[in-house]
Amino acid sequence: MPDINAQVSGESQTCRIFPERVDIEPFIMVIFGGSGDLSRRKLLPTLFHLCHDQNLPDDFAIIGFASSGRSDEEYRALVKKALEEFSTDPVQSGCWDRFSRNLFYVSGGFEDENSYRRLSARLEELAGPAGKPPKQIIYYMAVPPHFLPAIVKRLPYCGFCRTAADERLIIEKPFGRDRASAAELNRLVSQAFDESQIYRIDHYLGKETVQNILFFRFANSIFEPLWNRRYIDHVQITVAETLGVENRGRFYEEAGVVRDIVQNHMMQLLALVAMEPPTGFEADYIRDEKVKVYRTIRSMDEDYIRKFTVAGQYGPGRINGHAVPAYREEKDTSPGSTTPTFFAGKFYIDNWRWAGIPFYLRTGKRLKKRITEISIHFRQPPLRLFGTTCELRDRNILVLGVQPAEEITLHIGVKHPGVGNQLFPVNMVFNYERDIHDNVHFPLAYERLLLDCMKGDHTLFARQDGIEAMWSVVDPIIQQWENTPVKEFPNYSAGTWGPAAANDLMYSEGRRWRTW
Ligand code: BG6
């Protein structure tokens, strides 16, 4: 990557960004669920991308482990097809040849000990002759959560990795189904692995714009003094998707929106916005501060959940001009399903900084647009100097756009030119693509996270206490929703902003959701 010398202003600072070199040790990655949706869409394209960018060492191997019987060659063909569909890099012959040479496959059931013996033999073969430096072995759990205990239990007993000095375990979210199962899973995992070997992945933390939240807050002196209950009226976090459940009906029926998005992605975003400055930019300092946020989120009783959360499920509708089916008509969902695909709710963080300030969270599938953003809504100025006809319609709002627009926007009011005294709303915008150009490489979320795991950096991964604390926040909601399913499902049409009750929640408090 070339050096970038950004002249920051006419008079002041020259900012020299040094090229970043990543030195990755030889490794073998075993992907449990190596032919599944996540592997085909994200993991394998990301590994291919790393190989394409020459970021992988000469000596690496990827073993797909899954139940269907296939040979290495058949697996390579499956991976090639997936790359042609989902990779951002062209599947050229030179690059593909190198990547495919290092792809292997082991078929077997997750509960069948013999399969682990076969995997073990394969690993030993690939780990190289004794005397050579040992390889790092990474087990990637790209499987539905209910398979995890079976796999984790069997890993240490198969005599794997005789030659491996270093083993790591990457676990996909959701980690468990509730606090109790997450704690049990943690107990199992920690019998086989030390916490320093465990990487609980949440791909939202790999997004540049999400990482930038901490930089924006703590590298600039002008916003942090305002970042509290005295100046902020409320905060909104939206994770809106146009996608439905795609081929994941079976998983989604068991999970629902709170387990799929709120417990992990949204709690992470909330913590980054609300946390106190960490003592240093190291994994545990940051994770300590996040856990404190989860622990101070006000717990919700039945009455609160009834009044201040909204469940939704999409019916048929239109997305980008195309008719799409209802959730209940999707593959592998039940015709009478009561699984929620939409969540809206109000949270309070009962600490000194945030006492009394509502955080409104909203997420859903098949909404009108794909948008993830955090908006900080500031209080109105104490005095209205400019008369009633020229009030600012909106307060000052600071918008941290995560996707698709990767930008930070500050909504302010200025004088409209002319003889009158009229206020006019305008925006100050920083946009990643526009303002930081010159061959800057934006790593894919999984790229950053896989490299961090290989380097042994835990900063962007969740810690056990954090996972359990996040479940404690959402468990009461899940329980109550499951005990009293909404009879009116489906209650929003695909292609809208969700159920009317979500708007009512805001109107009744004199506020409204942002719309686009
Ligand atoms: C995943 C969820 O974690 O995140 C999916 O399981 C969801 O249901 C996806 O579609 C959204 O990710 P992104 O990066 O597209 O916002």
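Up top is the structure.
Residues numbered from 1 in each chain as written. Predicted model: local features only at pLDDT ≥ 70, side-chain atom pairs only at ≥ 80, totals over all residues. Heavy atoms only, no water.

### Quick notes on the overall build of the protein
For step 1, the next point in the chain: Of the regular secondary structure elements, the protein holds 14 helices and 20 strands.
For step 2, the next point in the chain: Referenced to the eigenvectors of the C-alpha coordinate spread, the extents of the protein come out at roughly 80 × 65 × 45 Å.
For step 3, the next point in the chain: Here the protein holds 516 residues, and 53% of them are scored as buried.
For step 4, the next point in the chain: Surface exposure of the protein reaches about 23800 Å², of which carbon and sulfur atoms provide 51%.
For step 5, the next point in the chain: Charged side chains in the protein number 63 positive and 67 negative. The centres of these two groups are separated by 4 Å. (Helix = DSSP H or I, 4+ residues; strand = E, 2+ residues; numbered from the N terminus. Buried < 20%, exposed > 50% of the residue type's maximum accessible area, 1.4 Å probe, protein only. Areas by Shrake-Rupley, 256 points an atom, 1.4 Å probe, with all protein chains shown as cover. Lys, Arg positive; Asp, Glu negative; His and termini not counted. Charge placed at Lys NZ, Arg CZ, Asp CG, Glu CD.)

### A word on helix H4 (residues 113-126)
For step 1, the next point in the chain: Compared with an ideal rise of 1.5 Å per residue, which puts 14 residues at 20 Å, H4 spans 20 Å between its outermost C-alpha atoms and is within 8% of the ideal.
For step 2, the next point in the chain: Among the residues of H4, Ser115, Tyr116, Leu119, Ser120, Arg122, Leu123 and Leu126 are the ones counted as buried. Along the long axis of H4, the arc covered by the buried residues comes to 165 degrees, so they all point the same way. Exposed residues on H4 whose side chains face more than 90 degrees from its buried face are Arg117 and Glu125.
For step 3, the next point in the chain: Check the buried side of H4 and you find it contacts strand S3 (27-32), strand S4 (60-66), helix H2 (72-86), strand S5 (103-107), strand S6 (136-141) and helix H5 (148-154).
For step 4, the next point in the chain: Directly beyond the C-terminal end of H4, a positive phi value near 90 degrees is found at glycine 128. (Expected span 1.5 Å × (residues − 1). Arc of directions from axis to C-beta. Contact = heavy atoms within 4.5 Å.)

### What to know about the sheet that holds S4
For step 1, the next point in the chain: Read from one edge to the other, the open sheet built from 6 strands follows the order S5-S4-S3-S6-S7-S8, with strand pairing classed as parallel. The open sheet terminates on both sides in strands that have one partner only, identified here as S5 and strand S8 (198-201). For this sheet, the mean inter-axis angle between neighbouring strands, taken without regard to orientation, is 20 degrees.
For step 2, the next point in the chain: Two elements, S6 and strand S7 (residues 166-172), share 6 bridges in a ladder whose sense is parallel. The residue bridging isoleucine 137 from the neighbouring strand is glutamate 167, located in S7.
For step 3, the next point in the chain: Strands in contact with helix H3 (residues 93-101) are S4 and S5; relative to S5, the strand with the most contacts, it is inclined by about 40 degrees. (Pairing = 2+ DSSP bridges. Axes fitted to C-alpha atoms, helices over the stretch in contact; angles between N-to-C directions.)

### Brief notes about the nonpolar core
For step 1, the next point in the chain: Phe32, Phe99, Met267 and Phe359 are the most contacted members of the largest nonpolar core, which has 146 residues in total.
For step 2, the next point in the chain: With 15 residues, the top contributor of residues to this core is helix H8 (residues 249-274). (Core = buried A, V, L, I, M, F, W, Y, C linked by side-chain atoms within 4.5 Å.)

### Focus on the site of the ligand
For step 1, the next point in the chain: Taken together, Lys173, His203, Tyr204, Lys207, Glu241, Arg248, Asp260, His265, Lys365, Arg370 and Gln403 make up all the residues around the ligand.
For step 2, the next point in the chain: A distance of 2.5 Å separates an oxygen atom of the ligand from a polar atom in the side chain of glutamate 241.
For step 3, the next point in the chain: Interatomic distance of 2.8 Å between a side-chain N/O atom of lysine 365 and an oxygen atom of the ligand.
For step 4, the next point in the chain: For the ligand, the accessible surface in isolation is 400 Å², of which the surrounding protein chains cover 84%. (Near = heavy atom within 4 Å. Polar contact = N/O pair within 3.5 Å; in protein donor to acceptor, adjacent residues only side chain to side chain.)

### Thoughts on the sheet that holds strand S9 (residues 232-240)
For step 1, the next point in the chain: Taken in spatial order, the 8 strands of this open sheet run S10-S14-S15-S9-S16-S17-S18-S19, and their pairing is mixed. The open sheet has two edge strands, strand S10 (309-312) and strand S19 (423-431), and neither has a second partner. Ignoring strand direction, the axes of neighbouring strands in this sheet form an average angle of 15 degrees.

### Some thoughts on H2
Residues spaced three or four apart along an α-helix point in a common direction, a consequence of the helix completing one turn every 3.6 residues.
For step 1, the next point in the chain: A rise of 1.5 Å per residue sets the reference length of H2, with its 15 residues, at 21 Å; its end C-alpha atoms lie 21 Å apart and thus fit the reference within 8%.
For step 2, the next point in the chain: Of the residues making up H2, those classed as buried are Asp72, Tyr75, Arg76, Val79, Ala82 and Leu83. Down the axis of H2, the buried set is contained in an arc of 125 degrees. They therefore lie on one face. Along H2, the residues that are exposed and aim more than 90 degrees away from the buried face are Glu73, Lys81, Glu84 and Glu85.
For step 3, the next point in the chain: On its buried face, H2 is in contact with helix H1 (37-52), S4, H3, S5 and H4.

### Section: the packing of aromatic side chains
For step 1, the next point in the chain: Considering all chains together, one arrives at 26 aromatic pairs under this definition.
For step 2, the next point in the chain: Measuring from ring centre to ring centre gives 6.3 Å for tyrosine 314 and tyrosine 492, while their planes differ by 70 degrees; the resulting arrangement is edge-to-face. On the criterion of sequence distance, the pair formed by tyrosine 314 in strand S11 (residues 314-315) and tyrosine 492 in strand S20 (residues 492-493) is long-range, its members being 178 residues apart.
For step 3, the next point in the chain: For tyrosine 492, a relative accessible area of 4% gives the class buried.
For step 4, the next point in the chain: Grouping aromatic residues by their ring pairs yields a cluster made of Phe27, Phe48, Phe60, Trp96 and Phe99.
For step 5, the next point in the chain: Stacked on the ring of phenylalanine 175, the Lys or Arg arginine 200 has its end atom at 5.2 Å from the ring centre. (Phe/Tyr/Trp six-rings, centres within 6.5 Å; stacked < 30°, edge-to-face > 60°. Lys NZ or Arg CZ within 6 Å of the ring centre and 35° of its normal.)

### Topic: the packing of H1 against helix H12 (residues 445-455)
For step 1, the next point in the chain: Where H1 meets H12, the closest approach of the two axes is 9 Å, and the angle between their N-to-C directions is 65 degrees. When the interaxial angle is binned, H1 and H12 end up roughly perpendicular. As for how H1 packs across H12, the hand of that crossing is right-handed. Contact residues: Leu38, Lys42, Leu43, Thr46, Leu47, His49 and Leu50 in H1; Tyr446, Glu447, Leu450, Leu451 and Met454 in H12. (Parallel < 35°, antiparallel > 145°, perpendicular 65-115°, else oblique. Left-handed = near helix turned anticlockwise from the far one by under 90°.)

### Here's the deal with the packing of helix H7 (residues 208-218) against H8
For step 1, the next point in the chain: Where H7 meets H8, the closest approach of the two axes is 9 Å, and the angle between their N-to-C directions is 10 degrees. The angle between H7 and H8 places the two elements in the roughly parallel class. Together, Val210, Ile213, Leu214 and Arg217 of H7 and Leu269, Leu272, Val273 and Ala274 of H8 make up the contact between the two elements.
For step 2, the next point in the chain: Its residues assigned to classes, the contact of H7 with H8 comprises 7 nonpolar, no polar and 1 charged. (Nonpolar A, V, L, I, M, F, W, Y, C, P; charged D, E, K, R; others polar.)

### Some remarks on the pattern of salt bridges
For step 1, the next point in the chain: Following the criterion strictly, the structure yields 35 salt bridges and no others.
For step 2, the next point in the chain: In this structure, glutamate 224 engages arginine 353 in a salt bridge whose closest nitrogen and oxygen atoms are separated by 2.9 Å. With glutamate 224 in the loop between H7 and S9 and arginine 353 in the loop between strand S14 (342-348) and strand S15 (358-364), this residue pair connects regions lying 129 residues apart in the sequence.
For step 3, the next point in the chain: When its relative accessible area of 13% is taken as the criterion, arginine 353 is described as buried.
For step 4, the next point in the chain: Residues participating in the shared-partner salt-bridge network are Asp233, Lys346, Arg395, Glu509 and Arg511. (Salt bridge = Lys/Arg side-chain N within 4 Å of Asp/Glu carboxyl O.)

### Thoughts on a nonpolar patch on the surface
For step 1, the next point in the chain: Among the surface-exposed residues, Leu383, Leu385 and Phe386 lie close enough to one another that they form a single nonpolar patch of about 360 Å² accessible area.
For step 2, the next point in the chain: By the element assignment, leucine 383 lies in the loop between strand S16 (371-378) and strand S17 (397-403). (Patch = residues over 30% accessible without salt bridge, like charges linked within 9 Å, V, L, I, M, F, W, Y side chains within 5 Å.)

### Remarks on the pairing of S17
For step 1, the next point in the chain: With 7 of its 7 residues buried, S17 lies for the most part within the structure.
For step 2, the next point in the chain: Here 6 bridges tie S16 to S17, and the two strands are oriented antiparallel to one another. Counterpart to serine 375 in the pairing with S17 is valine 399.
For step 3, the next point in the chain: Where S17 and strand S18 (residues 407-415) come together, 4 bridges link them in antiparallel fashion. Along S18, the bridge assignment pairs leucine 398 with leucine 410.

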